[in-house]
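# Breakdown of the fold
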Amino acid sequence: MIALSDVHKAFGPKQVLRGLTLDVAKGESCVIIGGSGTGKSVCLKCILGLVIPDTGQITVDGQDVTKGDRDAFLARFGMLFQGGALFDSMPVWQNVAFRLLRGRQKRPKLEAREIAIEKLRRVGLTPDVADLYPSELSGGMQKRVGLARAIAAEPEIIFFDEPTTGLDPIMSGVINDLIREIVTEMGATALTITHDMSSVRAIADKVAMLHNGKIRWHGPVAEIDTADDPYLRQFVTGSAVGPIAAVR
Amino acid sequence: MMVLLSPVAAIGRSTLAMLSAIGRVTIYAALAVSHILRPPFYPREFLHQLLHIGWLSLPVVGLTALFTGGALALQIYAGGSRFDAQAVVPQIVAIGIVRELGPVLGGLMVAGRVAAAIAAEIGTMKVTEQIDALVTLSTNPLKYLTVPRILAATLSLPVLVAVGDAIGIFGGYLVSTTRLGFNEAAYLRNTVDFLEVWDVTSGLIKGAVFGFLVALMGCYHGMNSGRGAQGVGRATTNAVVSASILILAANYLLTELFFTA
Ligand SMILES: Nc1ncnc2c1ncn2[C@@H]1O[C@H](COP(=O)(O)OP(=O)(O)OP(=O)(O)O)[C@@H](O)[C@H]1O
Ligand SMILES: [Mg+2]
């Protein structure tokens, strides 16, 4: 469904993606792992058209992402940004219900608010959070509000950029279950970035490891412990010695 | 040879940079204007901006006009008395405020207040990925952020200028009648009889143009803000400086256009 082929992207002299090729099938939960600064977030932004690749092609359902009706295209997506990216000028519930309050998915205000509160509950937040402003929340709470916003309009394709960083282990578990549930129950396609190996095991069908601007290894989640790629080994075991340099 | 040519190269480079900046701003402005009439519209955003840009600028513009009107009356009185023409104070204060100082000083004060605020707000949204988030939520930032601000500033500045005109003339009146011995009724009559409709409307048109420039510069620099707090700081400064210079340049051009027949 999502296909990236030979995508290159550089920022100035810094080459970030160097021929990235990746396929994600419909209804699949794919997790991207890889060292900090290897271009995982950039990869998601390329698919959404927020960053334009230098060369290479990205298609969703065979359709080039840079062409066609952008509104209809983006309406199929939900995205959790690494930094949350909540709108600090509006209260939490309006952030979550942003899509439901305007545009083609617009519905009555009360209904939108109810949906927002329901989504907040699903990410483990109580209804009294709804009327606070994002700046009044802790980092982990902001992250979860961002997650609630990403799933609010029940999109077909959801991107999660580090959904569990900054959360306590119990909350991480809740969020992992939620992502798994969204994929299995709603049939959504999910592309998740994470550094947390327990999240990987909990939510992935398929794992892709990004290294040096390319997919170094990919395969089903069951194989990450048995695969003999030294880069993957080092990453999974979290060892300081191995082919991946500790200073980047 | 290289050493000799380097100043020339520097001049060339900065000229090219300036020309391309003008090009980018023009394209951005044309794009923003083209979105004004195309749905979706965001009336709530527009009203919100009207409040922030128009209503909350009233005290600043009012005080500026009041003190300027007063000082202008004193200066014209002192200058006029050199050739026995003190009596023209009401007329010159009126025309000076309404045609020039009302719109220009009002525009500059709003540039300081509003262009800075817009650039800082949008710049922060940009560096915290809120602009990216807007896009992924199927909302065009140009429509959602830029258009309401440009519209609100363009429509509210003429009103601010009109209020400023009245307060400025009142400032001159206050100083003239209490400090310079003018008769109250005569002062007002002279002002009203002297002013023509075009004097006032030309000032209001200037106000609308300045309002457009202020919001445009705020939005443009905010959207093109560099990364981090430093980038936002620079965007804010650039917005105020460029809005101020554009206001003064546009004022000259409009005055040339309106009053040299
Ligand atoms: N807009 C940008 N302008 C310039 N450089 C950028 C930009 N966005 C990303 N980069 C650079 O691209 C590289 C990859 O960034 P990216 O955010 O994708 O890393 P990441 O793999 O998500 O890392 P992390 O796990 O730490 O989030 C970084 O070196 C970063 O400096
Ligand atoms: Mg990242």
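In this text, all values refer to a predicted model and were calculated from it rather than measured experimentally. Position numbers for residues start from 1 in each chain and track the written sequence from start to end. As a convention, the first chain written is A and the first ligand written is 1, with the rest following in written order. Whole-chain, interface and lining totals are the exception, using all residues; otherwise, since this is a predicted model, local features are given only for residues with pLDDT of at least 70 and side-chain atom pairs are given and counted only at 80 or more. Side-chain measures were taken over the full set of non-hydrogen atoms in the model, leaving aside hydrogen atoms and water.

## What to know about the interface of chain B and chain A
Pairs of residues are marked as contacts when any of their non-hydrogen atoms sit within 4.5 Å. Each partner contributes to the interface: chain B provides 15 residues, whereas chain A provides 22 residues. Of the roughly 1500 Å² buried between chain B and chain A, counting both surfaces, carbon and sulfur atoms make up 59%. Any carboxyl oxygen of Asp or Glu within 4 Å of a side-chain nitrogen of Lys or Arg constitutes a salt bridge here. Linking chain B to chain A there are 1 salt bridge. The shortest N-O distance in the salt bridge between Lys45 of chain A and Glu129 of chain B comes to 2.5 Å. Think of a polar contact as two N or O atoms within 3.5 Å of one another; within protein, one of them needs to be a possible hydrogen donor and the other a possible acceptor, and neighboring residues in sequence only count if both atoms come from side chains. Summed over the shared surface of chain B and chain A, the result is 5 residue pairs in polar contact (both at pLDDT 80 or more). Secondary structure elements follow DSSP: runs of H or I of four or more residues count as helices, runs of E of two or more count as strands, with numbering from the N terminus. Counting residues per element, the side of chain B that touches chain A draws most heavily on helix α5 (residues 130–136) of chain B, at 6 residues. Buried surface area refers to the total accessible area, computed with a probe of radius 1.4 Å, that the two partners give up upon joining, counted for both partners together.

## Quick notes on the sheet that holds strand β2 (residues 14–24) of chain A
Residues and elements named next belong to chain A. Reading across the sheet, the 4 strands line up as β2-β1-β4-β5 and stay open at both edges, with antiparallel pairing between neighbours. One side of each edge strand has no neighbouring strand; the edge strands of this open sheet are β2 and β5 (63–64). With 2 bridges connecting them, strand β4 (residues 55–60) and β5 associate as antiparallel partners. Note on β5: the bridge partner recorded for Val60 is Gln63. The strands touched by helix α1 (residues 40–48) within the sheet are β1 (2–11), β2 and β4, with β1 carrying the most contacts at an inclination of about 115 degrees. At least two DSSP bridges between two strands are needed for those strands to be called paired. Fitting a line to C-alpha atoms yields each axis, with helices limited to the stretch in contact; the angle taken between N-to-C directions then spans 0 to 180 degrees.

## Some points on the packing of aromatic side chains
For Phe, Tyr and Trp, rings pair up if their centres lie within 6.5 Å, where Trp contributes its six-membered ring, and each pair is then called stacked (planes under 30 degrees apart), edge-to-face (over 60) or tilted (otherwise). In the structure shown here, the tally under the stated rule is 13 aromatic pairs over all chains. Ring-pair connections join several aromatic residues into one group, and the members of that group are Tyr77, Phe170, Tyr173, Phe182 and Tyr187 of chain B. We count a charge as sitting over a ring when the NZ of a lysine or the CZ of an arginine lies within 6 Å of the ring centre and within 35 degrees of the ring normal. Looking at Lys9 of chain A, its charged tip hangs above the ring of Phe11 of chain A, at a distance of 5.3 Å from the centre. The aromatic ring of Phe98 of chain A is capped on one face by Arg102 of chain A, whose charged end is 3.9 Å from the ring centroid.

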